[in-house]
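Structural description and commentary
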Amino acid sequence: MILVTGGAGFIGANFVLDWLKGSDEPVLNVDKLTYAGNLGTLKSLKDDTRHVFARADICDREAIDALLEQHKPRAILHFAAESHVDRSIHGPAEFVQTNVVGTFILLEAARMYWSKLPEDEKQAFRFLHVSTDEVYGSLSSTDPQFSETTPYAPNSPYSATKAGSDHLVRAYHHTYGLPVLTTNCSNNYGPYQFPEKLIPLMIANALNGKPLPVYGDGQNVRDWLYVGDHCSAIREVLARGALGETYNVGGWNEKKNLEVVHTLCDLLDKAKPKSSGSYRDQITYVKDRPGHDRRYAIDARKLERELGWKPAETFDTGLAKTVQWYLDNQAWADEVASGDYRRWVETNYAQRA
Ligand code: NAD
Ligand code: TYD
């Protein structure tokens, strides 16, 4: 079987669902179930014996050791993280704990487990670390996209802790020979994304008649990747990636935030028209995020050249699917918008008015 950390979060859960659609190889899903983890996302797997869920913290070495010993995975895919930049600005400690210390503990547990495997299993074992393009810092409008050789220059507590985890993963390969792979992807979007992130937040606020809070001038650029494409890239890297290598994963979809919000409003105007006016009328400019990175853009040619991976979705097809998914699954979005979520909205947006 494979072990997935963070498989109750947005990308991890999409990965688990996709994996079990295409394979009968079981998944051990290890997740602490923070505010961002949601078992409701996995309810279609409730009676599926191929999915084993274990609630555990990656910082708990004993728990991780016991799970490795009991289930003997052939690979670890590490998605678990604190993942939201704005939360890292309000409370960086959790980010250091899970992203740096947690990754370190997971690496140590993996190294001990791997070192005792029989030679053929040792050869076949993989530790795939899921990271972000934010470790490379911010681009100007004329800079070339991030490649795998772009120097690290993280600017937020979130990206700094992800950069730290990437360095540890690299060091475990270089020093101990642990068979690692690292992927650095751009902004994901799609079904089951927690509504603190731009796209699901804007959809939820639009439908609830709330303001659509655009930070700063709305001209920051992100490079959008449909989550299903990210999952297919990870499967390719796991199957055929070269050990110790990193692969950038991107959708070739650079968009300014305001453009994204406009497109979302236009899609909603068609799918669920308001009694009068457009969803665009709800757009409100709010105080910018401190240290807000101006532009991210991924050069994903290495993955295409070496492993033949290309995204299947364009931004138009991916976003249309995503909007439709949120319209069809409003119960999921209402369920995750719990007391904790409401407190977060209060913390993040109250001072931005
Ligand atoms: P998410 O916040 O939606 O989910 C994270 C999951 O990890 C949750 O289920 C949470 O319960 C779990 N988790 C958190 N701390 C844990 C701990 N200490 N032990 C065990 N489980 C824990 O995140 P996501 O958007 O699915 O991101 C997954 C990975 O992809 C992260 O490593 C993130 O840095 C990376 N990434 C995400 C994006 C994006 O756009 N979402 C972009 C680039 C990279
Ligand atoms: P986000 O989804 O938080 O991802 P990241 O910061 O990791 O790129 O934000 C995407 C972009 O959208 C980012 O430039 C910040 C901006 N943004 C807003 O303008 N308003 C919002 O309410 C949020 C959450 C984000």
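Residues numbered from 1 in each chain as written. Chains lettered and ligands numbered in written order. Predicted model: local features only at pLDDT ≥ 70, side-chain atom pairs only at ≥ 80, totals over all residues. Heavy atoms only, no water.

Looking at an unreviewed UniProt entry, one finds the protein named dTDP-glucose 4,6-dehydratase, with Caballeronia novacaledonica as its source organism.

By nearness alone, 19 residues border ligand 2, and E134, R222, R289, H292 and Y349 come closest of all. N257 places a polar side-chain atom, nitrogen or oxygen, 2.9 Å from an oxygen atom of ligand 2. Y349 has a polar side-chain atom sitting 2.6 Å from an oxygen atom of ligand 2. Here ligand 2 has 510 Å² of accessible area as a free molecule, and 97% of this is covered by the chains. (Near = heavy atom within 4 Å. Polar contact = N/O pair within 3.5 Å; in protein donor to acceptor, adjacent residues only side chain to side chain. Areas by Shrake-Rupley, 256 points an atom, 1.4 Å probe, with all protein chains shown as cover.)

Okay, the site of ligand 1 next. Around ligand 1 there are 28 residues in total, and I11, D31, S83, Y158 and K162 lie nearest to it. Within the backbone of L33, an N or O atom sits 3.4 Å from an oxygen atom of ligand 1. Backbone polar atom of F79 to an oxygen atom of ligand 1: 2.9 Å apart, as the coordinates give it. Out of a free accessible area of 840 Å², ligand 1 has 97% covered by protein chains. Of all the secondary-structure elements, those providing two or more residues to the shell around ligand 1 are α1 (10-22), β5 (126-132) and α6 (157-176). Per-element tally for the shell around ligand 1: the top contributor is β5, with three residues. (Helix = DSSP H or I, 4+ residues; strand = E, 2+ residues; numbered from the N terminus.)

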